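# Results of the structural survey
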Amino acid sequence: MPYSPSFYVYRLFVAICSAILLGSVLSACSKPETPPPPVRAVKLATVGTSGQQSAIQYAGTVTARSEAAVGFRVAGKLLSRPVEQGQSVRQGQLLAQLDPTDYQLSTAAAQAQLNAAITERDLQQADLKRFEELRAQNFISAAELDRRTASLKAAQSQVAQAQAQLKAQGNQTQYTQLVADGDAIVIATLAEPGQVVASGTPVLRLAMDGARDVSFAVPEQRLAQVKVGQEVTVRTWGDNQTPRAARVREIAASADPATRTYAVKVELLDEPQPPLGATITVDWPIAHSAPDSIRLPSTAIWRNNAGQSAVWVFDGKTHTVQARPVEIERADGNDWVLKSGLQAGEQIVVTGVHVLQAGEKVTVFKGDAPDVPSIASSTTPAAGATP
């Protein structure tokens, strides 16, 4: 049966649509090509050695050499405290006042007892005088006269006792006023008006005027480098960092239980003395016995599959990195001091070391990349110190 021309056109159209649909399905099922991995940018540092002297910086605070927590020698209710923290006081100035009412009444009672004892003594003295006249006329015996003499001595002892009690009670009344023993600065207030304080309870803390020290903390691993009498240089932050001479005066015998650091005090040798609480930078020179040792930042060290410490060494010809095991001698602040593994002049990666692979091609980060100096040529703040 012959077909019409329109039938052949229809078949051709169906074939073309089927081919287009099949091509679309096949293209959707095929995997896209994987793009090449990006080239990582790394920051490099050049290893170097030097035999110069290094220094450590500590942050210290100016403190008074003599500080005292002062309180009343008697108990009572605190009526007033006319001084505040940070105020300068003079010798003999009133610092605090207790309620003296009870002590004033006790003083009045002691005065009354003294008056009674004096009256009794005068009576016994008059009796003795009369009995001495009777004894001269043989109207009484010698034993009676001796009894009158003993009574007078007892009355005199009562007077002396009452006088001592009155004086002691008067001192108690004076102790209700707390006065400064010398020129000082109030560095802390420990009680408020209206509070009942016991005898000896600290009310104020005073820093006595005079010689001053710089106090700072030294890590346990650096304690052997600190000696009493050693001279150092300090710089005051508020005085344009002018160097000043100082000398180690005291080293704590035990470490702080929380920070495991030792308190060190150095005395200032130059005048004038800086204000209390001022921040001081202490420059501590340290000469090392290994001038050719190399210090690396902690960010450059990583662990390989064998558990060894390693670094990435940069090859300038191929722009690739290769792993290099290194031997660490000790930690120094935030750095590691190497015993072996690197040579002066080699370039190592100091950031992003945990995402690199051996032989990976990298580019150099276009930024400041200072050389990695030896331990003897760098200036590294100690742990807890201010750079």
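Residues numbered from 1 in each chain as written. Predicted model: local features only at pLDDT ≥ 70, side-chain atom pairs only at ≥ 80, totals over all residues. Heavy atoms only, no water.

## Points about the confidence of the model for the chain
For the chain, mean pLDDT is 81; residues scoring 70 or higher make up 80% of the total. Mean pLDDT across the elements of the chain bottoms out in helix H1 (residues 5–29) (62) and peaks in strand E7 (residues 94–98) (95). Residue range residues 368–387 is modelled with pLDDT below 50. Its contacts to residues more than four positions away, or to other chains, number 68 contacts. (pLDDT = per-residue confidence, 0-100. Helix = DSSP H or I, 4+ residues; strand = E, 2+ residues; numbered from the N terminus. Contact = heavy atoms within 4.5 Å.)

## What to know about the sheet that holds strand E6 (residues 88–89)
The four strands are arranged E4-E11-E9-E6 in an open sheet whose pairing can be described as antiparallel. Looking at the sheet topology across the chains shown, the edges are occupied by strand E4 (67–71) and E6. (Pairing = 2+ DSSP bridges.)

## Details of the pattern of salt bridges
Counted by the stated rule, this structure contains 19 salt bridges. Two residues, Asp183 and Arg90, come together in a salt bridge whose shortest N-O distance is 3.3 Å. Taken together, the residues Asp183 in the loop between strand E8 (177–179) and strand E9 (184–189) and Arg90 in the loop between E6 and E7 connect sequence positions 93 residues apart. A salt bridge links Arg130 to Asp127, with the shortest nitrogen-to-oxygen separation between them at 2.1 Å. Residue Arg130 and its partner Asp127 are both found in helix H2 (residues 101–136); the two are separated by three residues, about one turn of the helix. For Asp127, a relative accessible area of 12% translates into the label buried. Residues joined in a network through salt bridges with shared partners are Arg65, Asp213, Glu231, Arg247, Arg249, Glu250 and Glu267. (Salt bridge = Lys/Arg side-chain N within 4 Å of Asp/Glu carboxyl O. Buried < 20%, exposed > 50% of the residue type's maximum accessible area, 1.4 Å probe, protein only.)

## Side note on unusual backbone geometry
One non-glycine residue with positive phi stands out, namely Asn138, at about 60°. With relative accessibility at 61%, the residue Asn138 sits in the exposed group. Unusually for a residue other than glycine, His319 sits at a positive phi of about 55°. Tracing the backbone shows His319 in the loop between strand E19 (309–315) and strand E20 (320–325).

## Looking at the environment of Ala263
Its location among the elements puts Ala263 in strand E15 (residues 261–268). Residue Ala263 is classed as partly exposed on the basis of its relative accessible area of 45%. Through-space distance from the C-alpha of Ala263 to that of Ile251 is 6.2 Å; in sequence the pair is 12 residues apart. Residues in contact with Ala263, not counting those within four places in the same chain, are Phe216, Glu250, Ile251 and Ala252.

## Side note on the packing of aromatic side chains
All told, the structure shown has four aromatic pairs when counted by the stated rule. Where Tyr58 meets Trp284, the ring centres are 6.4 Å apart and the plane angle is 85°; that geometry is what we call edge-to-face. Here Tyr58, found in strand E3 (residues 54–64), pairs with Trp284, found in strand E16 (residues 279–286); they are 226 residues apart in sequence, far enough to count as distant. The residues Tyr58 and Trp284 share a single accessibility class, namely buried. Between Trp302 and Trp312, the aromatic rings sit 4.7 Å apart at their centres with planes inclined by 15°, giving stacked as the arrangement. (Phe/Tyr/Trp six-rings, centres within 6.5 Å; stacked < 30°, edge-to-face > 60°.)

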